[in-house]
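# Commentary on secondary and tertiary structure
Below are the chains, spelled out letter by letter.
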Amino acid sequence: MSVDSGLIVRRDALPEPAELAAATMDLTGVTVVFHSDFRLADWGGGWVPVTVDGEESGFEYYPGPLADAEELPDGAQEYGDHLLWFVARGALSAQTVSLLQRALAARWDAAGLIEGELFPPGDMAVESEPAADMDPDLAATMTGTPKERAAAMERYVAKHYPPIPVDPHARTKDLLKQLIVPILIFAALGGFYLWSQLQ
């Protein structure tokens, strides 16, 4: 599972990782530790390892000028000049991204860009509460520690979106496709050996 989302912010307002970790702790009570020479404005792109409440996590991160982005919604430039693009890989990674984006929105007025839709900082900074009539399995993804939320999300997805079964004949065909070249080579070598013995 991967989830892509962005934030629009002023580049000169971007915090240092320690400031972002402190803001995340203040807003959510969750401890975040960055393990590398990560910088929000100057990261070259790629995987950012993070520890969240003692659990190893991380996310892919790609910052760049907003002017380089394609197909932005109307009004995006009002929120800043820089686009921070996050790619979550898995449920805990998605929880990590959500925590950091919430802190960036609350303290540094970052606007959200999710599936082409623009969300103002006030909307991004608020944590949603589960409705009273919400499916309990889904509500569990919105409460608890990041690890508990991630586990609840994995259970919810497994229960409501089971994997598509693989056709057993497709596996056999794939196996045969992989074996055909070695079989042909072996047959050619065997034929050459027999021909050389008969000479």
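Scroll up to find the structure this text is about.
Positions within a chain are numbered from 1, following the residues in the order the chain's sequence is written. Only residues with pLDDT of 70 or above have their local features reported here, since the model is predicted, and side-chain atom pairs are shown and tallied only from 80 upward, although totals for entire chains, interfaces and linings are computed over all residues. With hydrogens and water stripped out, all remaining heavy atoms of the structure feed into the side-chain values.

### What to know about helix H5 (residues 146–160)
Counted only if it meets this: Numbering of helices and strands starts at the N terminus; helices are DSSP runs of H or I of at least 4 residues and strands are runs of E of at least 2. Here, expected helix span is obtained from the residue count minus one, scaled by 1.5 Å. Relative accessible area decides the class of each residue, using a 1.4 Å probe on protein chains only: under 20% of the type maximum gives buried, over 50% gives exposed, and in between gives partly exposed. Working note: the arc is built from the helix axis to C-beta atom directions. Any two residues having at least one pair of non-hydrogen atoms within 4.5 Å are treated as being in contact.
The first and last C-alpha atoms of H5 sit 21 Å apart over 15 residues, in line with the 21 Å expected at 1.5 Å per residue. Every buried residue of H5 is accounted for by Pro146, Arg149, Ala150, Ala152 and Tyr156. Looking straight down H5, one finds that the buried residues subtend no more than 160 degrees of arc, so they occupy a single side. Along H5, exposed side chains directed more than 90 degrees from the buried face belong to Arg155, Ala158 and Lys159. Residues of H5 that are buried make contact with strand S3 (46–52), helix H2 (91–108) and helix H4 (136–139).

### Brief notes about the layout of surface pockets
Rule in force here: Think of a 1 Å grid over the protein atoms and nothing else: a 1.4 Å probe that fits but is trapped marks a cavity, an open set flanked by protein within 12 Å on at least five of seven lines marks a pocket, and residues with an atom within 4 Å of a point count as lining. Grid points are joined across faces, edges and corners, and a volume is the space filled by probe spheres set on the points. Amino acids outside the nonpolar list (Ala, Val, Leu, Ile, Met, Phe, Trp, Tyr, Cys, Pro) and the charged list (Asp, Glu, Lys, Arg) are all regarded as polar, and Gly is one of them.
Estimates place the volume of the largest pocket at around 1,100 Å³. Ala94, Gln95, Ser98, Ile114 and Ser128 are, among the 32 residues lining the largest pocket, the residues nearest its centre. At the level of secondary structure, the elements contributing two or more residues to the lining of the largest pocket comprise strand S1 (2–9), H2, helix H3 (121–124) and H5. Here the element with the most residues in the lining of the largest pocket is H2; it accounts for eight residues. Here the residues of the lining of the largest pocket are counted per class, giving 16 nonpolar, nine polar and seven charged.

### Here's the deal with the packing of helix H1 (residues 17–28) against H2
Keep this limit in mind: Note on definitions: angles span 0 to 180 degrees between N-to-C directions of axes, and those axes are lines fitted to C-alpha atoms, for helices only across the stretch in contact. Geometric relationships in this document are graded by angle, where less than 35 degrees denotes roughly parallel, more than 145 denotes roughly antiparallel, 65 to 115 denotes roughly perpendicular, and other angles denote oblique.
Following both chains from N to C, one finds H1 and H2 inclined at 95 degrees, their axes separated by 9 Å at the closest point. Taken together, the axis directions place H1 and H2 in an arrangement best described as roughly perpendicular. Of the residues in H2, those in contact with Glu19, Leu20, Ala23, Thr24, Asp26, Leu27 and Thr28 of H1 are Leu99, Leu100, Arg102, Ala103, Leu104, Ala106, Arg107 and Trp108. Considering only residue class, the contact of H1 with H2 consists of nine nonpolar, two polar and four charged.

### A look at the environment of alanine 151
Within the fold, alanine 151 resides in helix H5. Overall, the relative accessible area of 28% leaves alanine 151 in the partly exposed class. Between the alpha carbons of alanine 151 and leucine 92 there is a distance of 7.9 Å; along the sequence they are 59 residues apart.

### Description of the nonpolar core
Quick note on the threshold: In this text, buried Ala, Val, Leu, Ile, Met, Phe, Trp, Tyr and Cys residues form a nonpolar core when linked through side-chain atoms within 4.5 Å.
If you look at the biggest cluster of nonpolar residues, it comprises 30 residues, and the most contacted ones within it are Phe34, Phe59, Tyr61 and Leu104. Once residues lying within four places of it in the same chain are set aside, the contact partners of tyrosine 61 are Phe38, Arg39, Leu40, Trp43, Gly45, Gly46, Val48, Leu84, Trp85 and Phe86. By size, the runner-up hydrophobic cluster in this structure holds seven residues, among which are Ile8, Ala76, Leu83 and Ala111.

### What about the packing of aromatic side chains?
How we decide: Whether two aromatic rings pair depends on their centres lying within 6.5 Å, for rings of Phe, Tyr and Trp, where Trp uses its six-membered ring; planes under 30 degrees apart make the pair stacked, over 60 edge-to-face, and the rest tilted.
Under the criterion given, the structure shown has eight aromatic pairs. Ring geometry for phenylalanine 38 against tryptophan 43: centres 5.4 Å apart, planes inclined by 70 degrees, an arrangement best described as edge-to-face. Judged by its relative accessible area of 16%, tryptophan 43 is buried. Here the aromatic cluster, defined as three or more aromatic residues joined through ring pairs, consists of Phe34, Phe38, Trp43, Phe59, Tyr61 and Phe86.

### What to know about a nonpolar patch on the surface
Keep this limit in mind: Patch membership requires more than 30% relative accessible area and the absence of a salt bridge. Residues of like charge join within 9 Å; the nonpolar side chains Val, Leu, Ile, Met, Phe, Trp and Tyr join within 5 Å. Per-residue and other accessible areas were derived by the Shrake-Rupley procedure at a 1.4 Å probe size, with only the shown protein chains allowed to occlude residues. When a carboxyl oxygen of Asp or Glu lies within 4 Å of a side-chain nitrogen of Lys or Arg, that pair is called a salt bridge.
The grouping of Ile180, Val181, Leu184, Ile185 and Leu189 at the surface amounts to a nonpolar patch, some 500 Å² of accessible area in total. Residue valine 181 is classed as partly exposed on the basis of its relative accessible area, which comes to 48%.

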